[in-house]
Each structure stands twice: as structure tokens, then as C-alpha cells.
Amino acid sequence: MKSRQKDDWYPTPDSATKALLAVEVFDPYIWEPAAGDGALAEVLKADDYGVVASDLNDYGYCESGIDFLMATNLACDSLITNPPYKFANQFVVKCLDLEVPYFAMLLRLAFLEGKQRRETIYNRQAPARVHAFSERLTMWRGDEEQPEGTSGFIAFAWFVWEQGKTDTKLDWI
């Protein structure tokens, strides 16, 4: 079994971002605070969204050294990201703390589970929508070539929070 990428950099497959954009409409400008090599941001730009991209690490795409978890202001009213898995809880809580009006995170479907998550996130504000992938996504390490013809082992979903909407709707994409 391969080790995890040290900074949890797993670029977002284009198909995952396109699936989200087929079911959600965001503000014209979107903040991507874990932009990595720009995989997600470039799909947003191709769909005519303006993107403010940043990342803590330097992957040669955007402004680096920007720690989203230390942010005190919103860059945009919409945010879409595939957060580092080990910091997924903190990214969601940070969005809630910043009162981001509309945000989507690509997370493991298992993110629905957990007593602590329920207490720190879902009791505070449940997602408005969870778009579960019918087929598993192939997520690859950002420091390796994208595998061809492989299938993922982990179920993923887009979790979407929208201020004022807390009756979670589950659907499949």
C-alpha cells in the first residue's frame, strides 16, 4: 500500500468538478483556498467563473503561503475546494466561522459519520445538499502521474452548505 502524499495533495478530477457545476450554480467569483496545481480552479475558469486561487504549499499554480485556516476575511462569497483530507473538519468549521454564504467541499462520503463532526459541524449547520457520486472517483497523489483506466476505492460526495438552508437533500451524480 502506498503512503499518503505528505500534504494530502490529491488533485480534483475534472469530472468531479464538472459534475458539481451540472447541479449547482455559484456566484460569478469563487475562492479556491486549496488550489494545488489548479485542477479544480481551471475547470471553474473554463466554465466562466472568476477564481481566487491560493494554497499553503507551492505547486507552481497560484499564490502560496496562504493558510486558509488562518483567514480572517472572505475572498469571495462562494467557495469550492477539495480540502486536505486531514484538515477537512477544520476547513468546514472555518467556512462556518467566516460565514461563507455558499460553499462546496469534495469529501469522503463517510464525512456524514461521527459524533464529534455532528457536534462541531452538523448541529451548527447541516449541509443543504450532498451530491454522492454513483461511481467512485479515482483520486491520485499530486506528486504522481494520473493513473489511467483505474477505479477508486473510496466513495466521495460534494457537500454543499448554503446559509439559511439546513434541511439536507441527498442526491446522486
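Residues numbered from 1 in each chain as written. Predicted model: local features only at pLDDT ≥ 70, side-chain atom pairs only at ≥ 80, totals over all residues. Heavy atoms only, no water.

## Examining the packing of aromatic side chains
Scanning all chains against the criterion turns up 8 aromatic pairs. Where Y85 meets F156, the ring centres are 6.1 Å apart and the plane angle is 40°; that geometry is what we call tilted. Highlighted residues: Y85 in the loop between β4 (78–81) and α3 (88–98) and F156 in strand β7 (residues 156–162), separated in sequence by 71 residues. With respect to burial, Y85 and F156 carry one shared label: buried. Seen from their ring centres, F103 and W161 are 4.9 Å apart, and the 10° between their planes marks the pair as stacked. Here W161 lies in strand β7 and F103 lies in strand β5 (residues 102–108), a separation of 58 residues in the sequence. For the pair formed by F103 and W161, the shared burial category is buried. Across the ring face of F111, the terminal group of R117 is positioned such that the distance to the ring centre comes to 4.1 Å. (Phe/Tyr/Trp six-rings, centres within 6.5 Å; stacked < 30°, edge-to-face > 60°. Helix = DSSP H or I, 4+ residues; strand = E, 2+ residues; numbered from the N terminus. Buried < 20%, exposed > 50% of the residue type's maximum accessible area, 1.4 Å probe, protein only. Lys NZ or Arg CZ within 6 Å of the ring centre and 35° of its normal.)

## Thoughts on the sheet that holds strand β1 (residues 29–32)
Strand order across the open sheet formed by 8 strands is β3-β2-β1-β4-β5-β7-β6-β8, with mixed pairing between neighbours. Across the chains shown, the open sheet's two edge strands, defined by having one partner strand only, are β3 (63–64) and β8 (169–172). The pairing of strand β2 (residues 50–55) with β3 spans 2 bridges and is parallel. The residue bridging D55 from the neighbouring strand is S64, located in β3. Across the sheet, α3 lies against β1, β4, β5 and β7, angled at about 170° from β5, the strand it touches most. (Pairing = 2+ DSSP bridges. Contact = heavy atoms within 4.5 Å. Axes fitted to C-alpha atoms, helices over the stretch in contact; angles between N-to-C directions.)

None of this, on its own, says anything about what the molecule does.
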